Structures are given as C-alpha cells and as structure tokens.
Amino acid sequence: MATDTEPGRRHRRCCAQDTPDAPKVPDSRGDSDGPRRGSLCERHCAAINNAQGDLGELGCHLHRPRVPPATSSPSCCQQHSEEVCESCLVKTTLTAENAVEANKLSNNYKFGFKKWKSHVTERPWEDRSEIVKELYSDLNIVRGSAGSTLTCGNVLYLLLFGWWLSLLYVLVAAVMFITVMGAPYGRLCWDLAGYFLWPFGKVIQKMEVSKSHQACEAGVGESSALLGGPTALRWRPQCWVGTGCWHHASTAAWLCLGYPVLALAHGLVCVTAWLLIVLIPVAKLSARAASRVLLLPPGRVLIRALRMTEVPLEGEVILCCYRAANPYYYKYAVDGINVFAVNLLPLVLVTLVLGYVDSPNHLTGSAVKFTLALLSIMPLSYYIGMAIASISAQSNFAVGAVVNATFGSITELTFYISALIKGSREGNRCYAEVVKSALTGTLVGCVLFVPGLCMVIGGIRHQEQRFNSRSAGVSSALLFLSVGGVFAPTLFSKVYGKLVCGECHNVTQNPLGHYLCHNCHFDLMDNNGTLYYSHVQPLVYTVSILLPAAYLIGLFFTLKTHTHIYDIHISDCHMPGHHHSAVVHWSRWRALLILLLSTLCMSACADLATEHISPILTNSTISQYFIGVTVLAMVPELPEIVNGIQFALQNNLSLSIEIGNCIAVQVCMLQIPILVLFTIFYPTNFTLVFSDLHVYASMFSVVLMNYIFMDGKCDYFQGTVLVMVYFILLAVYFFAPSPSGC
C-alpha cells in the first residue's frame, strides 16, 4: 500500500547487452573472501558511475541523464572477463531522501526484517509527480487547460449524488424564500443547486466586499474578460455592506432551517465518496462546501462558469473542480496511512462493538461476526507492519531485530493460540486441525501464490525480471531445513505408529481373504501412549529447539558474516541545497503505542473469530481443510501480498520473493515452536503430527519453488506455473474429506 514509486533503484551495467551465447567464467572468489575492495570490477563500475552519475531517480533532485546501454563502450567485455560484467550487473544502489528512509530500505534487505514499501517519512513535495500532487490538492486551483468535463466519473457523480443534492438545494431555497427574511440565502441555494448538479468547470469565489456603498454598487453587473461576459447578477441588500448582518434574523433562520439539512446531506455524500476512494474529490468538494461555502454571507459567494483561465481570477477561489473521479487515489495517504487502511479502521470498531455487546447474537449471526472479525485483521496487520517498520527505521539494529522478532508473527499467533484455547476448553480436536491447516496454507501460499502472483503482475510490465539468486538460496535452504524439521515427527509416526482402522469388511468372505477398511490412522496412544510420550513428544521438543536455533544462525549468517550476498548499497542523498531533514509520520513512541493498541485489537478480533467459527465448521459443506488453508491462512497476509506486488511492479522481484520466503520460514522456525512451547504451559489438543495431504503439499511446493528460482531470473510464465499449482492444491483441499474430529 504505497503512495508513490519506490526510491531510485539503479542496476550498474558494464555491457551494452547480455550475450547468452558467450561462455561463462566460473566464479572463483568464494564466499569466504567477502567483497573484494579495489578489485577490477569495483574500479570498472566506479568508472562507469563517474561517467553516468550515481544519482537515484527519486532520492536526489539534481538529475543527470543516464547513458543508455547502446552508448556504452563496446570494449568493456573485450577488455574484461565475463565475471567482471556479471558481477557489475547485480550491483544495485538505492538512494533515499533522508537517513530514516535509507535505514528502512536497508532493513528491507535484511533477513527476518519486515519488508515495507510505503514511506515512513514525509516525501519532499517537489519530488512528487504531478499525478500525486493533484491527489492532495484542495480543489481551489484554476488550471489553464482542463479538457472536456464530460467524463465517466463526472457522469457517475451526476447519477449518484448530483441530481438529488441539487433537488435538495431547490427545496431548501423554497423554504428560505417562504421565510422572507431568509431570501438572500434562498437565492444562494438556488445558485448552488445549479452548481452541485454539475460542478465541473465552475468556480466558487469568496468576494471581498468594499466598505463603501459606492464600491458595492459599482461591483454589480461589471464584466470580466476572463469569463467572457457579465458576472452573475444577484440581489445584494445594503445590509451586506460592512454592517455585520451575519447576526441578523436571516442568519438565524438559515442556521436553524437550511444549514443543518444541507450539512447532513453533504456529510452523507462525503462519507460515501470517501469510502469509494476513487470519488475522494467529491468528498473534498462536499466537505469544503459544508465547512466554507455554506457559512459565508450570501453576498460574498459568487459562482462562475469558467471559459478562459489564462488570467488569474479576482478574489479567493474556494472551490474549483474538474474531475469527480481519479483512479490514482489508491496511492492517497493520511498521515502516512494508506487510504484503504483508513477506511477499514471503522470496521474494527464495528466488529468489537457487535462482538462483545451483542454476544447472544440478537442483531447478527455468527457467520457475520466471523466475517467481520476476519476482515478486521487486514487493517490491523497493516498498522502493525507500519509500526514495526517505523520503529526499526528510527532505531539501531538491535532494537529493530527485537521488534521484528517479537511482533513479526503476532498476527498469526494471536489467532492460532485463541483457537487452541477454545478447542481445549470445549474438548474439540477440530480447532487443532484447523490451526494445522492454516499453518500449512500459509506455508504453501507464501511459497507458491505470493511469488507466483508477483511474477505474473511484474511480468506484465517487465518482460524478464532478475533477482538475487544467492539471497534466495539462503531462504530456500532454510525452507528445506524447516520443512524437514516440522514434518519429522509426522514421518516418525508413520514409520513406528500402529495403524488402527475404524471399520473393516471381508471382501472375499474368506477369513484369510482381503479386507476393506475405512477411517484408518496411525495410533500414537497405544499402550497408554508409550510411543507418543516416550518417542514422538521428545522428538517434537527437540525439533522445536533446533528450528529456532537454525533461524538464529541464518540471521547471523545474512546480517553479520555474509551481508555482501545481498550486494545492496544504500546512499542518503546530500546534494548541496537539496538536503531534506527527516519528518517521520510516526515517532518511535507513537509507533510503539499504535503497535500495542493494534496488537490488543488483534487479540480481541482473533478471540471473536474463534468464538464464532464453530457454527461455520459444523454446518459448512466445505472441507475444514479448505477453510483453513485459504481464508484463515491468507487473509492476514494480504498486506504482505500487496507489498510484494508493488515491489514487483518496480522491478524489484528480490523483495517480492523474500516476503514470501521469510513468512514461510517464520511459520516453520518460529510460529510452530512457539505453539509447541505454549502447549507445555497450557495443554491443548495440538500435536506436531500433520496429515499426509499437508506433508505432500508442503514438500512439493518447496521443491517446485527451488526449481523455479535456480537461475535467478523469471517471467510471467513461471509465475503462472506457481499460481496454477497453488490452485490445483486448493482444489485438492476443497474436495478432501474433513479431518477427523470435525
């Protein structure tokens, strides 16, 4: 959920074009050597950067033209080996507006840190594009050439709001004329009725009233070269000329009879248009009309239809709107918060009020409350991610690592623990199976669906996308390790467990013949649970200790000893006269407060979701496997999916892949060990033994993902393969029988 394009991202190239037919020189440097300072490649890339300029596209304001690849020296690959060119190709420099943004960008490339696309500081106004500047305008700017006002968005405004709002103004005007004393306001409402029927290409001005009576009379009926005709005639009684008639009886009649009705109507239009997002200009129009236009004396409000806009208008422009809809408002942010997250925040309040006030389900049923609770998790996940990114960007490495490790998986863990507690209280094993399905669904979805979708959407804009195969290889190795560790107790139970069947029939009517058995499973509790308590449970505890230890080793490897594998250089632009101090959206204390409140609300919504999921699990005709691997697994990850898509659109597929891989690794190496640790202190029905379907789906997904990521480049076709395999697995879960205990 970003507001703008990502800070400048530049690949340093030393060859005019790739030559796939040329033989590759193997990399003989070795990982242990680290980055070789002053090497041939470094000096060569530095020479190229000196020629082209090492300025980002967004971070600096002094732009130098980039030398196109076709103009690069053709002797580059002739003078230097292919190793040099390939090494220069993967180097990436990111430029940021300030040190805080540079720290955030650096954190995006750190393993285990939350990847965040949106800015945590205010971007310099002059760095923004004209499209974004228009989003934040106050609808009081007169443009020279606005084009035709007959657009689909303007027609949509007429159908949704214009006709009935204009009719309401006509009715209020009639009421004000009937009161006689409110006739000036009746005339104003009559003029505004025509304006709000079609406000596009018109302007509302606040006229400066002269103190002298002659100046007032001279202003009536004067012509304007700008508008190509005389100004609109309006009855202006003498009392409006500097006599303070705002306190007269007509004002009282207006404030009692006219203004409340119109303010309520504009408030309804404002809320509706804001929720539709693309119609936010209509929301601004209504808000400005209710707060400014309707509170002015009628004699100081002048409505004009623009014909020429080359000459500046006289008087203050209050409203000037050309378009009712703007599709780019998905980038709009309020205090750094994306507009979608702002609009979904009231949903959290409605969910909490309905869930805890209407506990007997008099107003709504369990299905509605479960849906609301699940949808409320999405904005809360966004606020938690924004708070974590803000704190990490403004703190040192140790604080950022602690915050990411503590709150990085809080969204999923709150739901899983709430479900296990409820299942333990009711003695229902179905909740534990749903939690296992959600864990598997998150793993499979983040390995297949998230990178696959990012490849498809990014491949539409970019024919071929490259990513850092070495950093992806670290995540892949951890995934293999984590999947093997998580499913080790399951494989152990298959080998040494006793197969127990619920019902068997002799097919051949021969005691020594063939038997057909149903509902077979491996019983770990045979002989008073000797196999489970003596063998399986110690294995589970051992794995739960080894997996977090491996995660810490991976952090130490990527963040301390082998940081060069990411090969990312973050530079804070400090050009003379163009330096910008960091103005953060959320300070550290504010971010910490929002993080704690969001976590508290997340726990409440998770409690409501588990409280009202029971009827859905009982009465639903869909397999509980499918509910777990889809809705419960992927809804909390929607903000991460959006971040991955935005990174892919900016041709930064490395971060898109890392988003899915990091979540999958955290599921196996952090979330599952925490759940095992929780069951030690609070006994539940959760055991680290998964069904065969979960094992096969997870292992196949990890193998396929590693096969796709081997060459360090991809396109939309490979992404389509990952997405299609994910949908095939969903179809398998959809038609699978419900797990035992449900």
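It should be noted that the structure appears before, not after, this text.
Residues numbered from 1 in each chain as written. Predicted model: local features only at pLDDT ≥ 70, side-chain atom pairs only at ≥ 80, totals over all residues. Heavy atoms only, no water.

1. Here we look at a nonpolar patch on the surface
To keep things clear, this is the line we draw: Candidates for patches are residues over 30% relative accessible area with no salt bridge; among them, like charges are joined within 9 Å and nonpolar side chains (Val, Leu, Ile, Met, Phe, Trp, Tyr) within 5 Å. Accessible areas in this description were obtained via Shrake-Rupley with a 1.4 Å probe; residue shielding takes into account the shown protein chains only. Salt bridges, as used here, are contacts in which a Lys or Arg side-chain nitrogen is within 4 Å of a carboxyl oxygen on Asp or Glu. In this description a helix means any DSSP run of H or I spanning at least four residues, a strand means any run of E spanning at least two, and both kinds are numbered starting from the N terminus.
A surface patch of nonpolar side chains, amounting to about 350 Å² of accessible area, comprises Ile-131, Tyr-328, Tyr-330 and Phe-340. Checked against the element boundaries, Tyr-330 lands in the loop between strand 7 (316-321) and strand 8 (333-334).

2. Focus: the pattern of salt bridges
How we decide: Accessibility here uses a 1.4 Å probe with only protein chains present; expressed as a share of the type maximum, an area under 20% marks a residue as buried, one over 50% as exposed, and anything in between as partly exposed.
Per the stated rule, a full pass over the model turns up ten salt bridges. A salt bridge links Glu-130 to Lys-133; the nearest nitrogen and oxygen atoms lie 3.8 Å apart. With Glu-130 and Lys-133 both in helix 5 (residues 130-135) and three residues apart, the pair spans about one turn of that helix. On the basis of relative accessible area, Glu-130 is assigned to the exposed category, the value being 59%.

3. Details of helix 21 (residues 624-634)
Test applied: Any N or O atom pair separated by 3.5 Å or less is treated as a polar contact, with the protein-specific requirement of one donor-capable and one acceptor-capable atom, and with residues adjacent in sequence counted only for side-chain atom pairs.
Most of helix 21 sits out of view: nine of its eleven residues are buried. By the N-cap criterion, in which a side-chain oxygen at the helix start approaches the backbone nitrogen of a residue two or three places on, helix 21 is capped by Ser-623, the distance to Tyr-625 being 3.2 Å.

4. Topic: the pairing of strand 7
The cut-off we apply is this: Pairs of strands are assigned from DSSP output, requiring at least two bridges between the strands.
Within strand 7, five of the six residues are buried, which leaves it mostly tucked inside the rest of the structure. When strand 3 (residues 202-206) meets strand 7, the two strands line up antiparallel, connected through five bridges. The partner of Lys-206 across the bridge, within strand 7, is Glu-316.

5. A short note on the sheet that holds strand 3
Backbone hydrogen bonds hold the strands of a sheet together, and the pairing may be parallel or antiparallel. As a reminder, the rule being used: Note on geometry: axes are lines fitted to C-alpha atoms, helical ones only across the stretch in contact, with angles between N-to-C directions running from 0 to 180 degrees. Between two residues, a contact is recorded if the distance between any of their heavy atoms is within 4.5 Å.
Spatially, 6-3-7 is the arrangement adopted by the three strands of the open sheet, whose pairing is antiparallel. This sheet does not close on itself; its edge strands, each paired only once, are strand 6 (301-305) and strand 7. Within the sheet, the average angular offset between the axes of one strand and its neighbour, ignoring direction, is 20°. Here strand 3 pairs with strand 6 via five bridges, running antiparallel. For Lys-202, the partnering residue across the bridge sits in strand 6 and is Ala-305. Each of strand 3, strand 6 and strand 7 touches helix 7 (residues 183-197); the most contacted strand, strand 3, lies at about 150° to it.

6. Focus on the side chain of Asn-343
As for its position among the elements, Asn-343 is in helix 11 (residues 339-357). Asn-343 sits in the buried class, given a relative accessible area of 14%. Those residues in contact with Asn-343 that lie beyond four places of it in its chain are Trp-274, Leu-275 and Ile-277.

7. Considering the packing of aromatic side chains
Counted only if it meets this: Pairing of aromatic rings covers Phe, Tyr and Trp, the last through its six-membered ring, and needs centres within 6.5 Å; plane angles under 30 degrees mean stacked, over 60 mean edge-to-face, and all others mean tilted. Whether a charge sits over a ring comes down to the Lys NZ or Arg CZ being within 6 Å of the ring centre and within 35 degrees of the ring normal.
This structure, assessed with the given rule, holds 22 aromatic pairs. Residues Tyr-329 and Tyr-332 carry aromatic rings whose centres are separated by 5.4 Å and whose planes lie at 50° to one another, so their mutual orientation is tilted. Both residues of the pair, Tyr-329 and Tyr-332, count as buried. A centroid spacing of 6.1 Å and a plane angle of 65° characterise the contact between Phe-415 and Tyr-416, whose relative ring orientation is edge-to-face. Since its relative accessible area comes to 1%, Tyr-416 is described here as buried. Joined through ring pairs, the aromatic side chains of Trp-116, Tyr-382, Tyr-383 and Trp-586 make up one cluster. Between the NZ or CZ atom of Lys-436 and the centre of the ring of Phe-686, over which it lies, the distance is 6.0 Å.

8. With respect to the nonpolar core
Selection rule: Among buried residues, those of type Ala, Val, Leu, Ile, Met, Phe, Trp, Tyr and Cys that are joined through side-chain atoms within 4.5 Å constitute a nonpolar core.
Ranked by size, the top nonpolar core spans 123 residues in total, and within it Leu-448 and Leu-632 carry the most contacts. Ranked by the residues each element gives to this core, the list is headed by helix 15 (residues 430-461), at 16 residues. Discounting residues that sit within four places of it in the chain, Leu-632 has contacts with Phe-370, Leu-374, Phe-415, Val-434, Ala-438, Ile-613 and Ile-627. Core analysis: the second largest hydrophobic core is formed by 39 residues, Leu-165, Ala-173, Val-282 and Val-293 among them.

9. Quick look at unusual backbone geometry
Phi angles above zero are rare outside glycine, and Ile-277 is one such case at about 65°. Among the secondary structure elements, Ile-277 is positioned in the loop between helix 9 (249-276) and helix 10 (280-291). Classification of Ile-277 as buried rests on a relative accessible area of 8%. Here Asn-361, not a glycine, exhibits a phi torsion of approximately 65°, which is positive. Looking at the secondary structure, you find Asn-361 in the loop between helix 11 and helix 12 (366-393).

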